[in-house]
Number of protein chains: 2
Amino acid sequence: MKAGVFDSGVGGLTVVKSLLEHKLFEEIIYFGDTARVPYGVKDKNTIIRYSLEALEFFKNFDVDIMIAACNSVSAYAIEELMENAPFKISGVIDPGVLALRNRTSDKNSKILILGTRATVNSQKYERLLRHYGYHNIESLAPSLFVPIVEEGLFEGNVLETVINHYFQNVKEPDFIILGCTHFPLISKAIKRYFPNATLIHSGEAMVEYLEETYHLKEEFPDTRLKLFASENPDNLKKISKIWL
Amino acid sequence: MKAGVFDSGVGGLTVVKSLLEHKLFEEIIYFGDTARVPYGVKDKNTIIRYSLEALEFFKNFDVDIMIAACNSVSAYAIEELMENAPFKISGVIDPGVLALRNRTSDKNSKILILGTRATVNSQKYERLLRHYGYHNIESLAPSLFVPIVEEGLFEGNVLETVINHYFQNVKEPDFIILGCTHFPLISKAIKRYFPNATLIHSGEAMVEYLEETYHLKEEFPDTRLKLFASENPDNLKKISKIWL
């Protein structure tokens, strides 16, 4: 099995990390659209256009599945990708909701969805959760989290002040969906603020989803990883060495 | 006189505001590349490519001068714009340095340059200041300032914590060059941290530069303003109503 993993930038490497740990693919082609990152502040038509360009890119590699690691792409462009793809398509929203259902059947569980403005405005997580009967849901777009991660402030005073700014009026949830590939990198600080909440990470969710939906098995210990970026591929390779 | 003002997003409206207040143009065409903002994190070749596309856009309007309000464009693409333009080109770096020279001839003045990573890495302000004999220069890229402005946090705890994070090891300067169109919107808080520093704003600097270099006069009280954006022009118009 050969996967194409698409993200607006370098954040999707957090999903690649989970795929590698679980040995699901023989080969992974990663494409980060670093020249046009971030997608989370762009509008629907722009996100669809950029996603279809990424689809064309993956057609050159004869992949079996294209994984949109970017939540904004998953929120707005999955249908258009499915209509135009000669291979399977998966976003991270269905996997995130599946992972939540795997962890609780209590429909009264308080669920906090964290995402970019684009992801939150789409209401895709919220609608799918309501479809499955969950109703105690709050959505929040803490827009400074992405730049803080990109600034490398994974700990410290700035991060804590910003977390407090966004969370001070939020009642502690039972589950937090980390609806942006950047957020796992500050999950420790989020967990410290809400110590009793279970965090759901797109990478782990994707592994569960692929195993349950496509019956993929842990069988490729030496996945080949090829990295591409629309700008500054050296920086992507550098970050992949640190994160993976 | 007809001006085309180009910015990566909405921030260039702070320059338009100064141009309107000083009544320098009969007509201003503003183009914000909101679909691909921000430029400050992109590399040189990408910034040049996007700037040349904006140049083509302004060719349709028969402008007399194209003003790059974006510091990242001014740092990387001015020469390429000049080579390809049938009209005058001005960035904000020459004006910023001229405004500083208009305010002090003391070459020992301590000057702090604040800009995006792209602007600071270009060293364009620094080299030009050194050319004029200033040598007590520090450059800083407070990358969270732009997202904080875009989040509308012009006051309060988050802004103050972030300002303290970046400035805590900086000795109070005599002059601060606000080398990014977003920074005038948090100039009060910057001024509160460094109360004795004189702040230099790209908009005011541009007015001084146009008056001194092209002998423009304050003669158009009813400037026509046309706004264009590569994405979500309604948002640009909404922000222009608030800012202008």
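Note that this is a predicted model, so its numbers are computed, not measured.

## Side note on the overall build of chain A
From N to C terminus, chain A includes 12 helices and nine strands. For chain A, the C-alpha radius of gyration of 17 Å lies close to 18 Å, the compact-globule estimate for 244 residues. Over its C-alpha atoms, taken along the principal directions, chain A stretches across nearly 50 × 40 × 35 Å. Put simply, chain A has 244 residues, and 49% of those count as buried. Long-range contacts, defined as pairs at least 24 residues apart, comprise 76% of the intrachain contacts of chain A with a sequence gap of at least 6.

## Here we look at the relation of the copies chain A and chain B
Superposing chain A onto chain B takes a rotation of 180° combined with a translation of 0.0 Å along the rotation axis, leaving an RMSD of 0.0 Å. The symmetry that links the two subunits is that of a two-fold axis. Scanning chain A for the C-alpha nearest the rotation axis identifies Arg36 of chain A, at a separation of 2.8 Å. Interface residue correspondence from chain A to chain B reaches 100%, placing this contact among same-surface, isologous pairings.

## Points about the domain arrangement of chain A
Residue and element names in this part refer to chain A. Its domain assignment divides chain A into domain 1 (2-91 + 204-243) and domain 2 (94-201). For domain 1 versus domain 2, the separation of C-alpha centres amounts to 21 Å. Counting residues at the interface gives 24 residues for domain 1 and 21 residues for domain 2. Sorting the residues of the side of domain 1 that touches domain 2 by element identifies helix H1 (13-21), helix H3 (71-76) and helix H11 (202-214) as the ones contributing at least two each. The biggest single contributor to the side of domain 1 that touches domain 2 is H11, with six residues. Grouping the amino acids of the side of domain 1 that touches domain 2 by side-chain chemistry returns 12 nonpolar, seven polar and five charged.

## Observations regarding the sheet that holds strand E3 (residues 65-68) of chain B
All names here are of chain B. Read from one edge of the open sheet, five strands run E4-E3-E1-E2-E9, paired in parallel fashion. The sheet is open, and its two edges are formed by strand E4 (88-90) and strand E9 (224-229), each paired on a single side. Ignoring strand direction, the axes of neighbouring strands in this sheet form an average angle of 20°. Where E3 and E4 come together, three bridges link them in parallel fashion. Paired with Ile65 across the strands is Lys88, a residue of E4.

## So, the pairing of strand E5 (residues 111-115) of chain A
Residue and element names in this part refer to chain A. With five of five residues buried, E5 lies mostly within the body of the structure. The alternating pattern of E5 places Ile111, Ile113 and Gly115 and Leu112 and Leu114 on opposite faces, both of which are buried. Here E5 runs beside strand E6 (residues 137-140); their pairing, made up of four bridges, is parallel. Across the sheet, residue Leu112 finds its bridge partner in E6, namely Glu138. Relative to strand E7 (residues 175-179), E5 runs parallel, the two being bridged by five bridges.

## So, the interface of chain A and chain B
Listed as interface residues are 17 residues of chain A and, on the opposing side, 17 residues of chain B. Elements that contribute at least two residues to the side of chain A that touches chain B include exactly helix H8 (145-150) and helix H9 (157-167) of chain A. Broken down by element, the side of chain A that touches chain B gets its largest block of residues, five residues, from H9 of chain A. The class makeup of the residues in the side of chain A that touches chain B is six nonpolar, six polar and five charged.

Cut-offs and rules
- Residues numbered from 1 in each chain as written.
- Chains lettered and ligands numbered in written order.
- Predicted model: local features only at pLDDT ≥ 70, side-chain atom pairs only at ≥ 80, totals over all residues.
- Helix = DSSP H or I, 4+ residues; strand = E, 2+ residues; numbered from the N terminus.
- Rg over C-alpha atoms; globule rule 2.2 N^0.38 Å.
- Buried ≥ 20, exposed ≤ 12 C-beta atoms within 10 Å, placed from the backbone.
- Contact = placed C-beta atoms within 7 Å.
- Least-squares fit on C-alpha atoms with pLDDT ≥ 70 in both.
- Domains from an automatic or database assignment.
- Nonpolar A, V, L, I, M, F, W, Y, C, P; charged D, E, K, R; others polar.
- Pairing = 2+ DSSP bridges.
- Axes fitted to C-alpha atoms, helices over the stretch in contact; angles between N-to-C directions.

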